[in-house]
Amino acid sequence: MPDTLTADVLRNALVVAAEEASIVVVRSAYSTFIVEGSDASAALLDAGGRLIAQSMATTLMNSMALKVALPELVADVPLAAMRPGDVYVLNDAYRGGVHTNDLLVYRPVFVGGRPAYFTAAMIHVSDLGGLSAGGMAPLATDIFLEGLQLPPVRLATAAGIEPTVEAILRANSRTPDKVMGDVRALIAGTTVAAARLGALVEEYGETGLAEGVDAYLDHTEARTRAALAELPAGRFAASYPIDDDGIDTLTPHHIRVALTLHPSGGAGAGAVVDFAGTDPQVPAAINASASQSLAAAVFAVRCFLDPAIPMNDGCLRAVDVRLPPGSLLDARAPYPCGGRYVPIYAAMEAVFQALSDAVPERAIAASGILQPFSIAAVGAPYWIHLAYDFGGVGARRGLDGPDATGVHFGIGRNSVPQVEPVESRCPLVVESIETIPDSGGPGRFRGGLGSRTVYRFLADCHVTTRGDRLRLAPPGRDGGLPGRVGGFYKRHLDGTLERLASKVNNVRFGAGEAFVVETTGGGGIGPPLERDLAAVAEDLRAGRVSLRGAVEDYGVRADADGTLGRDAA
């Protein structure tokens, strides 16, 4: 058993190997969203499919996909058939993947003549077909409309990329050169991580590294169970709605969860997160694959634990997630999975609310979430801009919610690309980016504000959106009020605004017209009339609340000398 210092050095070395891989992918990729938004993930796994380490920027939804899909790869390509230099790829949502545009790439690392570990990386490549450019198909009724599907196949050997696979990828993309640039970046990332892992084998030896990995996972499991042991035992149920599925715009869908803490009765026994009762899958793009729903549940639980606990297989041992087959959270072929953000964020919110009931002192109100959209050329030569704007976070017990950051676990380092690079690569101007006053749910602790971004187009283009919480506002807690709902809008040449549905496909905009993205604010906690007057005054000064909002939402009055007051109840 390694000593404490050696163990810490090894643990950090494993994380750094994954982190370096993700940086290499970002620096090498061609797609704007990856280069400017740093949306790349990398992980180290062993041949048994255990998640050992992930890059610091890696989102759990991505590392969970890399974990769940690895056994599927090994089932199709046995370890004995793999050779040094081989690289494999898949994107099958029903076998651990995410959706068609997310490519999962694996490189086996040989120790003692056999694959003992895998380095893995994934990104959302620029385009792999489907109803609209960039992998956004919000009105897809089956997965075939979302783009090219890849079972586990060999992507490259020591001699280079497989020509047949490259031909297939190019033939199914509107931006073939960018896609192949992204693919080469993924391969480069796994190569760098494999070299770092090989160096650790040299340093610690085959047995020493294996023992160090086992100790790391056991250490993480013990810390996770100890943190769960501090939460109160019991069963806590909650649900959260989805606005609509994009096809039927009037009917909501529901995610339901029952969270049981310490199910076996012993201290540190763990948690069961059971989504029984969740609505069934639908022929619309609001379903999720199992790996994404597992990630949502684990992430939500981890938000109530010590944030310093590492994320690896040891953590996963302590949380038992149960997904109803054929539900919105565990879709089966041929139901579409591209809109996975919608159900998994509802699942995450449901777990948050169940845990808020269990631990009221750590409660959080519901949040506005990310609103993905794509802007693309109407024809060749194609250009594509993929982006997300974020809603306000729900108020926490004792704290206002952060503005326009969203409670999210699905995005990379920067998430929202910077304005200047986007304007230099696409025929558009970002006219403004601002937070929206009064959009945070009023409360003793105010919800975070939503944002407004305006894109004015210099050429005709298509806009595709995939939003939610744009009709059913995120509720407050304990007397707090809901956040203000956002929306997608088309600003015509005469300045009039036309509200778009939350999920639309290839809406044509003309040059000079503008696309307006407004995100939803987070819910508040506690009665608004209990908010401290000094906090209201500061919100007024900072522009987070208007004078009208201060009067109507918080019951204050402005005295002749400019100070704020509040009449006694």
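Within each chain, residues carry numbers counting from 1 in the order of the written sequence. Only residues with pLDDT of 70 or above have their local features reported here, since the model is predicted, and side-chain atom pairs are shown and tallied only from 80 upward, although totals for entire chains, interfaces and linings are computed over all residues. Each side-chain value is derived from all of the structure's non-hydrogen atoms; neither hydrogens nor water enter the calculation.

1. Quick word on the overall build of the protein
Every helix listed is a DSSP run of H or I at least four residues long, and every strand listed is a run of E at least two residues long, numbered separately from the N terminus. Check the secondary structure of the protein and you find eleven helices and 22 strands. Against the 2.2 N^0.38 benchmark of 25 Å for 569 residues, the protein shows a C-alpha radius of gyration of 24 Å, consistent with a compact globule. Note on exposure labels: buried denotes an accessible area under 20% of the residue type's maximum, exposed denotes more than 50%, and partly exposed covers the range between, all computed with a 1.4 Å probe on protein chains only. Looking at the protein as a whole, 59% of its 569 residues are labelled buried. For the protein, restricting intrachain contacts to residue pairs at least 6 apart in sequence, the fraction spanning at least 24 positions comes to 72%. In the form shown here, the protein has an accessible surface area of approximately 20100 Å², with 55% of it arising from carbon and sulfur atoms. His is not counted, nor are the chain ends, whereas Lys and Arg count as positive and Asp and Glu as negative. Charged side chains are reduced to one point each, which is NZ for Lys, CZ for Arg, CG for Asp and CD for Glu. On the protein, the mean spot of the 48 positive side-chain charges and the mean spot of the 64 negative ones are 0 Å from each other. With C-alpha atoms as the basis for the radius of gyration, the globule rule is written as 2.2 Å multiplied by the number of residues raised to the power 0.38. Residue contacts follow a heavy-atom distance rule, with two residues in contact if any of their heavy atoms lie within 4.5 Å. Accessible surface area values rest on a Shrake-Rupley calculation with a 1.4 Å probe, where residue burial reflects the displayed protein chains alone.

2. Brief notes about the nonpolar core
Counting 86 residues, the largest nonpolar core has Tyr 106, Val 273 and Phe 275 as its most contacted members. By residue number, the principal contributor to this core is helix α8 (residues 341–358), which donates 13 residues. Every residue in contact with Val 273, bar those within four places of it in the chain, is listed here: Val 257, Ala 258, Leu 259, Ala 297, Val 301, Val 319, Asp 320, Val 321, Arg 322 and Val 351. Note on terminology: a nonpolar core comprises buried Ala, Val, Leu, Ile, Met, Phe, Trp, Tyr and Cys residues joined through side-chain atoms within 4.5 Å. Counting 49 residues, the second-largest nonpolar core is a separate cluster that includes Val 15, Ala 29, Leu 150 and Val 183.

3. Focus: the pattern of salt bridges
Each salt bridge in this description consists of a side-chain nitrogen of Lys or Arg and a carboxyl oxygen of Asp or Glu lying within 4 Å of one another. Following the criterion strictly, the structure yields 42 salt bridges and no others. With a shortest N-O distance of 2.6 Å, Asp 46 and Arg 50 are connected by a salt bridge. A relative accessible area of 24% places Arg 50 in the partly exposed class. The closest approach of N and O atoms between Arg 114 and Glu 206, which form a salt bridge, is 3.0 Å. Placement of the pair is Arg 114 in strand β5 (residues 114–124) and Glu 206 in helix α5 (residues 176–229), with a sequence separation of 92 residues. When its relative accessible area of 39% is taken as the criterion, Glu 206 is described as partly exposed. The network of salt bridges with common partners includes Asp 400, Asp 403, Arg 446, Arg 531, Asp 539 and Arg 544.

4. Here's the deal with the sheet that holds strand β15 (residues 451–457)
By this definition, two strands are paired if DSSP reports at least two bridges between them. An order of β14-β15-β20-β17-β18 is seen for the five strands of this open sheet, with the pairing classed as antiparallel. Each edge of the open sheet carries a strand with a single partner, namely β14 (428–435) and β18 (497–500). The average undirected angle you get between the axes of adjacent strands in this sheet is 20 degrees. Of the strand pairs in this sheet, strand β17 (residues 487–491) and strand β20 (residues 514–518) are connected by five bridges, and their pairing is antiparallel. Bridge pairing in β20 links Tyr 489 to Val 516. Throughout, an axis means a line fitted to C-alpha atoms (over the contacting stretch in the case of helices), and angles, computed between N-to-C directions, take values from 0 to 180 degrees.

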